[in-house]
Amino acid sequence: MNSVSPESHGLVDSHCHLDFPEFDGKLDAVREEMRASGVTHALCISVNLADFPKVLALAEAYDNFFASVGVHPDHDERAPVDSRRLVELARHPRVVAIGETGLDYYRVSGDLEWQRERFRAHIRAARECGKPLVIHTREAAEDTLAIMREEGAAEVGGVMHCFTESQAVADAAIALGFHISFSGIVTFKNAGALKEVARRVPLERLLVETDSPYLAPVPHRGKTNQPALVRHVAEELARLRGIPLSELGAGTTDNFFRLFKEALR
Ligand SMILES: [Zn+2]
Ligand SMILES: [Zn+2]
């Protein structure tokens, strides 16, 4: 149960930031660790347009890396994000998603209308180019869901990444056709309520991620995270759900490719 054999499904890290300076000069080691841990693919997530070329370069250089394009809600440069620009950048065949986008009322405060407008622009771009959304939400679940409904996010679907919300929020996102992705947070001892949610999300809507370099799972908590460690997230989910790691891995990997398949063509 604890090993992913080469012939079985590998795991996919559905959300990481390998363009961040933490990984400069370390990519060979990161990729070797992935191989050793049976992590076959990773989705490299964009957080602002200035750094997007670096994210895209990763997906162009390695055929098991993919890219998203978007501007993170914490990115405090408040200039509006032009949805046409996002659509243009998303035309690249290695770009499989729009994001990360969403709302974050924890990190940023004041009048956040600019953040909501930015989120709307991303949903419009996703609908325009037919690619799924990678959504970040923190202390803003109600507004996040309201905007998803108002802007018709269900048309493209996507993922609620690094999920830390309640069962009710998970159910609402699932009803909109979205997937729920768990990060290393679900391995933390104090994450009791989240572990309950992780037990109950239907397997066909489940994804796993690291959000590297942040949020390293137990037993690496506090260190620099990397895609290989998504294995600990998958192991914890398998344990919570009482299924073999191979089943959890096969399910989440199939979900990943089903969700992003259209975009991968
Ligand atoms: Zn995020
Ligand atoms: Zn992220």
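Residues numbered from 1 in each chain as written. Chains lettered and ligands numbered in written order. Predicted model: local features only at pLDDT ≥ 70, side-chain atom pairs only at ≥ 80, totals over all residues. Heavy atoms only, no water.

Visitor: How would you summarise the overall build of the protein if you had to cite specific residues and measurements?
Guide: Scanning the protein from terminus to terminus reveals nine helices and eight strands. The C-alpha atoms of the protein give 17 Å as radius of gyration, which agrees with the globular expectation for 265 residues (18 Å, within 12%). By the burial criterion, 58% of the 265 residues in the protein qualify as buried. Intrachain contacts of the protein at a sequence separation of at least 6 include 73% that bridge at least 24 residues. On the protein, roughly 11,400 Å² of surface is accessible, and the fraction owed to carbon and sulfur atoms is 50%. For the protein, the separation between the mean place of its 31 positive charges and that of its 39 negative charges on side chains is 2 Å. (Helix = DSSP H or I, 4+ residues; strand = E, 2+ residues; numbered from the N terminus. Rg over C-alpha atoms; globule rule 2.2 N^0.38 Å. Buried < 20%, exposed > 50% of the residue type's maximum accessible area, 1.4 Å probe, protein only. Contact = heavy atoms within 4.5 Å. Areas by Shrake-Rupley, 256 points an atom, 1.4 Å probe, with all protein chains shown as cover. Lys, Arg positive; Asp, Glu negative; His and termini not counted. Charge placed at Lys NZ, Arg CZ, Asp CG, Glu CD.)

Visitor: Explain the packing of helix H7 (residues 192-200) against helix H8 (residues 230-241) residue by residue, including any values.
Guide: Running from amino to carboxyl end, H7 crosses H8 at an angle of 75°, the nearest separation of the two axes being 9 Å. Comparing their axes, H8 and H7 come out roughly perpendicular. Side by side, H7 and H8 meet where Lys195, Ala198, Arg199 and Arg200 of the first sit next to Glu236, Leu237, Leu240 and Arg241 of the second. (Axes fitted to C-alpha atoms, helices over the stretch in contact; angles between N-to-C directions. Parallel < 35°, antiparallel > 145°, perpendicular 65-115°, else oblique.)

Visitor: Tell me what's going on with the coordination of the zinc ion (ligand 2), and back it up with residues and numbers.
Guide: Within the first shell, the zinc ion (ligand 2) binds the protein through His15 (NE2), His17 (NE2), Glu100 (OE) and Asp211 (OD), at distances of 2.1 to 2.5 Å. Seen from the zinc ion (ligand 2), its four donor atoms lie at angles of 85 to 177°, and the figure they make is irregular. Sequence spacing of the donors to the zinc ion (ligand 2): H-x1-H-x82-E-x110-D. Taken as a pair, the zinc ion (ligand 2) and the zinc ion (ligand 1) show a spacing of 3.5 Å, with glutamate 100 coordinating each metal. One end of the pair, glutamate 100, is in strand S4 (residues 95-104); the other, aspartate 211, is in the loop between strand S8 (206-208) and H8, and 111 residues separate them in sequence. Overall, the relative accessible area of 1% leaves glutamate 100 in the buried class. Judged by its relative accessible area of 9%, aspartate 211 falls in the buried class. (Donors = N, O, S within 2.8 Å, 3.2 Å for Na, K, Ca; no water. Tetrahedral: all angles 85-135°; square planar, octahedral: opposite > 155°, others 65-115°.)

Visitor: Outline the packing of aromatic side chains, supporting the account with residue identities and numerical values.
Guide: Tallied over the entire structure, the rule returns seven aromatic pairs. Between phenylalanine 256 and phenylalanine 257, the aromatic rings sit 5.2 Å apart at their centres with planes inclined by 85°, giving edge-to-face as the arrangement. By relative accessible area, which is 1% here, phenylalanine 256 ends up buried. An aromatic cluster is defined as three or more aromatic residues linked by ring pairs; in this entry it consists of Phe66, Phe256, Phe257 and Phe260. Above the ring of tyrosine 106, the side-chain terminus of arginine 138 is found at 3.7 Å from the ring centroid. Here the basic side chain of arginine 221 rests over the ring of phenylalanine 188, its NZ or CZ set 3.6 Å away from the ring centre. (Phe/Tyr/Trp six-rings, centres within 6.5 Å; stacked < 30°, edge-to-face > 60°. Lys NZ or Arg CZ within 6 Å of the ring centre and 35° of its normal.)

Visitor: Mind laying out the sheet that holds S4, listing which residues take part and the relevant values?
Guide: Pairing is parallel in the open sheet, where eight strands are placed in the order S1-S2-S3-S4-S5-S6-S7-S8. The open sheet is flanked by strand S1 (11-16) and S8, the only strands paired with a single partner. This sheet shows a mean twist of 30° between the axes of neighbouring strands, independent of strand direction. Direction of pairing for strand S7 (residues 178-182) relative to S8: parallel, over a ladder of three bridges. When the bridges of S8 are listed, isoleucine 180 appears paired with leucine 206. Against the sheet, helix H1 (residues 27-37) contacts strand S2 (39-44) and strand S3 (65-69), and its axis sits at roughly 135° relative to S2. (Pairing = 2+ DSSP bridges.)

Visitor: Describe the pairing of S7, and please don't skip the residues or the numbers.
Guide: Counted residue by residue, S7 has five buried out of five residues, so it is predominantly covered. Here S7 shows two buried faces, one formed by Phe178, Ile180 and Phe182 and the other by His179 and Ser181. Pairing analysis gives three bridges linking strand S6 (residues 158-160) to S7, with the strands arranged parallel. The residue bridging valine 159 from the neighbouring strand is histidine 179, located in S7. Between S6 and its parallel partner S7, the chain crosses via helix H6 (residues 167-175), and the hand of that crossover is right-handed. Taken together, S7, H7 and S8 constitute a β-α-β crossover, and its handedness is right-handed. (Right-handed = clockwise from strand over helix to strand, strands pointing away.)

Visitor: Please set out the state of the cysteines residue by residue, giving values where relevant.
Guide: What we call a disulfide is simply a covalent bond connecting the sulfur atoms of a pair of cysteines. Tallied over the entire structure, the rule returns zero disulfides. Of all cysteine sulfurs in the structure, the one in cysteine 16 sits closest to cysteine 162, which takes part in no disulfide; the separation is 13 Å. (Disulfide = S-S within 2.5 Å.)

Visitor: Got a sec to walk through H1? Specific residues and values, please.
Guide: Among the residues of H1, Leu27, Val30, Arg31, Met34 and Ser37 are the ones counted as buried. Buried residues along H1 cover an arc of 130° about the axis, so they all sit on one side. Facing away from the buried side of H1, by more than 90 degrees, are the exposed residues Asp28, Arg35 and Ala36. The inward-facing, buried residues of H1 abut S2, helix H2 (52-61), S3 and H8. (Arc of directions from axis to C-beta.)

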